[in-house]
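Structural characterization, general
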Amino acid sequence: MTNDGGRDDSHKLVIGREYSFCPWCGAKLNDVFIDGKNRKRCASCDFVHYRNPIPAAGAIVETDGKILLVKRRYPPYVGAWCLPAGFMEYGETPENCCVREIEEETGLKVIPKRCFKVYAGDDDPRTRAVLVIYLVEISGGKLKPGDDASEAVFFEQTEIPANIAFKSHREALNDYFVYKKTGNWPPPTR
């Protein structure tokens, strides 16, 4: 944060960055074919740059038949809505990430009850993600937007905004509504 309360992201590592030089020894990376894919490898120390997805977790928070969504405050997709979710931090479990993200973005304390489904996110310009969605129960707190959220609102299914930020969030909402209607577990596989 900057002194004026704004975000200073000038130091931030670009998630999903494509390296040209080895992050271990600084030597130039060479294009090589490894494990059936083109990858970057360091001839000096044998570092191989695997571009793996980043794990993320979030939740479907429902109360009185309404689903909690947050409006994005920062890029990408500023002003679009999404499920409360975010990237896991080092040493954090998906469940802990889910609980932390819900509280940071909405002010609510939750208890994860069940892993709903895991999604592959491929439309975030920063990286590809693996999104673990939980069904949770509210255990406390007061609803107020925070962190990355400019708004936090409970919506009836028929009121869900059209501008949902990420494909995986749209899929999770659709899967959840099918699950609620049919009661079939596990949710449908695409």
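Note that this is a predicted model, so its numbers are computed, not measured.

Quick notes on the rules
Residues numbered from 1 in each chain as written. Predicted model: local features only at pLDDT ≥ 70, side-chain atom pairs only at ≥ 80, totals over all residues. Heavy atoms only, no water. Helix = DSSP H or I, 4+ residues; strand = E, 2+ residues; numbered from the N terminus. Buried < 20%, exposed > 50% of the residue type's maximum accessible area, 1.4 Å probe, protein only. Contact = heavy atoms within 4.5 Å. Areas by Shrake-Rupley, 256 points an atom, 1.4 Å probe, with all protein chains shown as cover. Salt bridge = Lys/Arg side-chain N within 4 Å of Asp/Glu carboxyl O. Disulfide = S-S within 2.5 Å.

**Brief notes about the overall build of the protein**
A count of helices and strands for the protein gives 2 helices and 10 strands. Of all 190 residues assigned to the protein, the portion counted as buried reaches 38%. Considering only contacts within the protein whose residues lie at least 6 apart along the sequence, 62% involve residues at least 24 apart. Carbon together with sulfur atoms contributes 50% to the accessible area of the protein, which is approximately 11,100 Å² in total.

**Overview of the pattern of salt bridges**
Throughout the structure, instances matching the rule amount to 12 salt bridges. Here the salt bridges do not stand alone but share partners, grouping Glu89, Glu92, Arg100, Glu101 and Glu104 into one network.

**With respect to the state of the cysteines**
Per the stated rule, a full pass over the model turns up 0 disulfides. No disulfide involves cysteine 45; its sulfur sits 3.6 Å from the nearest other cysteine sulfur, which is in cysteine 22. The cysteine cysteine 115 is free of any disulfide, with cysteine 98 supplying the nearest cysteine sulfur at 9.5 Å. By relative accessible area, which is 36% here, cysteine 115 ends up partly exposed.

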